[in-house]
Amino acid sequence: MTIAEAALATGLTTHTLRYYEQIGLIDPVPRRSGQRVYGEAEMRFIHFVLRLRATGMPMRVIQEYAELRRQGETPESIRLRGDLLARHAAHLRGELVTLTETIARLDDKIALYRSMYVEDGAPSPAEAPTPPAPVPAALPSKRRRNA
């Protein structure tokens, strides 16, 4: 696909895709007649980078991961990539615990406030919308990923 199509598929701008390539966040994209051609492998990795960004992983750490990936499937590269991702996953699990505790505290406060205004003729807690239950963290997959 063209850079414009890749931009549409990822929600990034063409400028951002070029920038990511320039700083080594993504591998140099193959060209045909001078135009970048994004294939399935490039798109998979861009989506993986976007996932990492969405979790708050710093750009410099994603760049480090991308550089290790470019080194190939050497035992050292594989170990270092695994360690890098394991550290980030541990960080995210810590954030998840904090967020879960915060949500529980907020739910307690919401219940308290709703119980206080039921007496004033406001809607009862039963009439208020119930938020969805939190989704437990997925267990890490043992399958090998291409990212």
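Residues numbered from 1 in each chain as written. Predicted model: local features only at pLDDT ≥ 70, side-chain atom pairs only at ≥ 80, totals over all residues. Heavy atoms only, no water.

**Quick word on unusual backbone geometry**
Right, so step 1: At Ser-33, a residue that is not glycine, the phi angle is positive and equals roughly 55 degrees.
Right, so step 2: The exposure class assigned to Ser-33 is exposed, which follows from its relative accessible area of 75%. (Buried < 20%, exposed > 50% of the residue type's maximum accessible area, 1.4 Å probe, protein only.)

**What about helix 1 (residues 3-10)?**
Right, so step 1: Those residues of helix 1 lying buried are Ile-3, Ala-6, Ala-7 and Thr-10. Each buried residue of helix 1 sits inside an arc of 100 degrees when the element is viewed along its axis, so together they form one side.
Right, so step 2: Against the buried residues of helix 1 lie helix 2 (14-22), strand 2 (35-36) and helix 3 (40-54).
Right, so step 3: Backbone geometry just after helix 1 places Gly-11 at a positive phi near 80 degrees. (Helix = DSSP H or I, 4+ residues; strand = E, 2+ residues; numbered from the N terminus. Arc of directions from axis to C-beta. Contact = heavy atoms within 4.5 Å.)

**As for the side chain of Ser-77**
Right, so step 1: Tracing the chain through its elements places Ser-77 in helix 5 (residues 75-118).
Right, so step 2: There is a polar contact of 2.5 Å between the side chain of Ser-77 and the backbone oxygen of Leu-68.
Right, so step 3: In this view, Ser-77 contacts Leu-68, Arg-69, Gln-71 and Gly-72; residues no more than four positions away in its chain are not counted. (Polar contact = N/O pair within 3.5 Å; in protein donor to acceptor, adjacent residues only side chain to side chain.)

**Topic: the confidence of the model for the chain**
Right, so step 1: For the chain, the average pLDDT comes to 87, and 80% of its residues sit at 70 or higher.
Right, so step 2: Segment residues 139-147 is flagged for pLDDT under 50; beyond a separation of four residues in sequence, or across chains, it makes 9 contacts in the model. (pLDDT = per-residue confidence, 0-100.)

**A short note on the packing of helix 1 against helix 2**
Right, so step 1: The N-to-C vectors of helix 1 and helix 2 enclose an angle of 100 degrees; their axes lie 8 Å apart at closest approach. In terms of orientation, helix 1 and helix 2 fall into the roughly perpendicular class. Contacts from Ile-3, Ala-4, Ala-6 and Ala-7 of helix 1 reach helix 2 at Thr-14, Leu-17 and Arg-18. (Axes fitted to C-alpha atoms, helices over the stretch in contact; angles between N-to-C directions. Parallel < 35°, antiparallel > 145°, perpendicular 65-115°, else oblique.)

**What to know about the pattern of salt bridges**
Right, so step 1: In this structure the tally under the stated criterion is 9 salt bridges.
Right, so step 2: Ionic pairing is found between Arg-69 and Asp-27, a salt bridge with its closest N-O pair at 3.3 Å. Here the residue Arg-69 occupies a position in helix 4 (residues 59-70), and Asp-27 occupies one in the loop between helix 2 and strand 1 (31-32), the gap between them amounting to 42 residues.
Right, so step 3: Glu-67 is the partner of Arg-70 in a salt bridge, and the nearest nitrogen-oxygen pair spans 3.5 Å. A residue pair is termed a helical-turn pair when its members lie 3 or 4 positions apart in one helix, as Arg-70 and Glu-67 do in helix 4 at 3 residues.
Right, so step 4: A relative accessible area of 34% means that Arg-70 is categorised as partly exposed.
Right, so step 5: For Glu-67, a relative accessible area of 39% translates into the label partly exposed.
Right, so step 6: Bridged by salt links that share partners, the residues Asp-27, Glu-67, Arg-69 and Arg-70 form one connected network. (Salt bridge = Lys/Arg side-chain N within 4 Å of Asp/Glu carboxyl O.)

**Describing a nonpolar patch on the surface**
Right, so step 1: On the surface, Leu-112, Tyr-113, Met-116 and Tyr-117 cluster together to form a nonpolar patch covering roughly 390 Å² of accessible area.
Right, so step 2: Relative to the helices and strands, Tyr-117 is located in helix 5.
Right, so step 3: Residue classification places Tyr-117 among the partly exposed residues on the basis of a relative accessible area of 30%. (Patch = residues over 30% accessible without salt bridge, like charges linked within 9 Å, V, L, I, M, F, W, Y side chains within 5 Å. Areas by Shrake-Rupley, 256 points an atom, 1.4 Å probe, with all protein chains shown as cover.)

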